[in-house]
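One-letter residues, chain by chain:
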Amino acid sequence: MELIYPGIGGQPIIAVAVKCGLTNKGYYVNMLLDTGAEQTCFPAAFAKEFGHDNAHPAVEIHKNSVQGIFGFSDSYIHSLQISLLDPNKTRERKPVIAWTSPLTRAPFVEKLDCVHGLIGMDVMRCWKSFGFEPNKHGVKIRIVI
Amino acid sequence: MNYYEKLVKKVNQSMKKHPRSAMVMDMSSFQILAKGPSLAAVNKKMSGKLSENTLVFQKPNQKAAWIL
C-alpha cells in the first residue's frame, strides 16, 4: 500500500495519530521524518499534551540517554502508539488508520525544542520503502507499507 | 483536493500568517483555537482541552537554521 503526503510547512513533516497508552485517548500530532534519529521521540513538553506527567514518581527517567545538537539530554519514557493516517480516506472527524507502529513506548526529550515529534529509523525501518520528492510547494512524502 | 491535502494547505496558510506563533487548530473547521509564543503557552490557553480533533503546530524559526 502506497501513502502519499504533502509535507507540512514545506518540510518532511506529516500529521499522525497518537494514542496515549494511559488514557487510550487519541491525538493528532505533526512528526518530522528524521532519518538521522535512531529513535522516535517527542519534546518533553508534549507529555502534558498527551495526558502524561513527567514529574510523576512512576515515570521512567533515562539520564543523558539522548544525544543531539543540544548535547546530552534526559528523557521521560511514556507509553503511546503511533499510527499513519490514510491521506486519501481520512475525513473530518473520521481518521482512517493505514498503519500502526509496533512501538509502544517513546522518549520525551527534555532539550528537544520544537513543536513536533520525530519519527526515527526504529519506525521507518518497519516500512517497505519511503522517499521524499521535492517540488515547487515543498516536498511530497511517499511511504510504502 | 482530499481532506488531508486541505488540512496541510490550511496549516501552511496559518504558519505563513502567524510565523512566530505556536497554534492549535480544530481539525474539522480549520479554525485556530489558540495561539501563543510556545507550546507551553498554547497548552495553558487551552487548559487541557486539546482533544482528538486538534492539531498543534508552529513554523520553524526562520532566523535559525533548522538542523534536527
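Focus: the overall build of chain B
Inference 1: Secondary structure summary: chain B contains 2 helices and 3 strands in total.
Inference 2: Starting at the N terminus and walking to the C terminus, you meet the elements of chain B as α-β-β-α-β.
Inference 3: Residue burial in chain B is summarised as follows: out of 68 residues, 32% are buried.
Inference 4: In chain B, the proportion of contacts linking residues at least 24 apart, taken out of those at least 6 apart, comes to 34%.

Things to note about the overall build of chain A
Inference 1: Of the regular secondary structure elements, chain A holds 2 helices and 11 strands.
Inference 2: In sequence order, the secondary structure elements of chain A are arranged as β-β-β-β-α-β-β-β-β-β-α-β-β.
Inference 3: Projecting the C-alpha coordinates of chain A onto the three principal axes gives extents of approximately 45 × 35 × 25 Å.
Inference 4: Taken across its 145 residues, chain A has 39% of its residues classed as buried.
Inference 5: Counted over contacts in chain A with a minimum sequence separation of 6, partners at least 24 positions apart contribute 64%.

Digging into the interface of chain A and chain B
A common way to state how big an interface is: give the accessible area lost once the parts meet.
Inference 1: Taken together, the contact pairs 27 residues of chain A with 27 residues of chain B.
Inference 2: Counting only elements with at least two residues in the side of chain A that touches chain B, the list comes to strand 1 (2-6), strand 3 (26-33) and helix 1 (46-49) of chain A.
Inference 3: It is strand 3 of chain A that contributes the most residues to the side of chain A that touches chain B, 6 residues altogether.
Inference 4: Along the lines of polarity and charge, the residues of the side of chain A that touches chain B split into 15 nonpolar, 5 polar and 7 charged.

Brief notes about the sheet that holds strand 2 (residues 32-36) of chain B
All names here are of chain B.
Inference 1: With antiparallel pairing, 3 strands are arranged side by side in an open sheet as 2-1-3. Two strands in the sheet have a free side with no partner beyond their single neighbour: strand 2 and strand 3 (54-58). Strand-to-strand twist of the sheet, defined as the mean angle between neighbouring strand axes without regard to direction, takes the value 15°.
Inference 2: Across 5 bridges, the pairing between strand 1 (residues 22-26) and strand 3 is antiparallel. From the neighbouring strand, Met23 faces strand 3, where its bridge partner is Phe57.
Inference 3: Packing against the sheet, helix 1 (residues 3-17) makes contact with strand 1, strand 2 and strand 3, and its axis sits at approximately 145° to strand 1.
Inference 4: Against the sheet, helix 2 (residues 39-46) makes contact with strand 1, strand 2 and strand 3, and its axis sits at roughly 135° relative to strand 2, the strand it touches most.

Remarks on the confidence of the model for chain B
Residue and element names in this part refer to chain B.
Inference 1: With 87% of its residues at a pLDDT of 70 or more, chain B has an overall mean of 86.
Inference 2: When mean pLDDT is compared element by element in chain B, helix 1 scores highest at 95, while helix 2 scores lowest at 83.
Inference 3: Interface confidence in the predicted complex, given as ipTM, is 0.87; pTM for the same model is 0.91.

Considering helix 2 of chain B
Inference 1: What helix 2 of chain B keeps buried is the set B:Leu39, B:Val42 and B:Asn43. In an axial view of helix 2 of chain B, the angular spread of the buried residues amounts to 105°, which keeps them on one side of the axis.
Inference 2: On its buried side, helix 2 of chain B packs onto helix 1 of chain A together with strand 1, strand 2 and strand 3 of chain B.

Quick look at the sheet that holds strand 10 (residues 129-135) of chain A
Residues and elements named next belong to chain A.
Inference 1: As summarised here, the arrangement of the 3 strands in space is 1-11-10, forming an open sheet in which the pairing is antiparallel. The sheet is open, and its two edges are formed by strand 1 and strand 10, each paired on a single side. Direction aside, the axes of adjacent strands within the sheet are offset by 20° on average.
Inference 2: Bridging between strand 10 and strand 11 (residues 138-144) involves 7 bridges; their strand directions are antiparallel. Among the inter-strand pairings, Glu133 is bridged to a residue of strand 11, identified as Lys140.

A closer look at unusual backbone geometry
Inference 1: The phi dihedral of A:Asn24 falls on the positive side, at around 65°, and the residue is not glycine.
Inference 2: Tracing the chain through its elements places A:Asn24 in the loop between strand 2 (13-20) and strand 3.
Inference 3: Positive phi outside glycine occurs at B:Phe30, with the angle close to 60°.

Procedures and definitions
- Residues numbered from 1 in each chain as written.
- Chains lettered and ligands numbered in written order.
- Predicted model: local features only at pLDDT ≥ 70, side-chain atom pairs only at ≥ 80, totals over all residues.
- Helix = DSSP H or I, 4+ residues; strand = E, 2+ residues; numbered from the N terminus.
- Buried ≥ 20, exposed ≤ 12 C-beta atoms within 10 Å, placed from the backbone.
- Contact = placed C-beta atoms within 7 Å.
- Nonpolar A, V, L, I, M, F, W, Y, C, P; charged D, E, K, R; others polar.
- Pairing = 2+ DSSP bridges.
- Axes fitted to C-alpha atoms, helices over the stretch in contact; angles between N-to-C directions.
- pLDDT = per-residue confidence, 0-100.
- Arc of directions from axis to C-beta.

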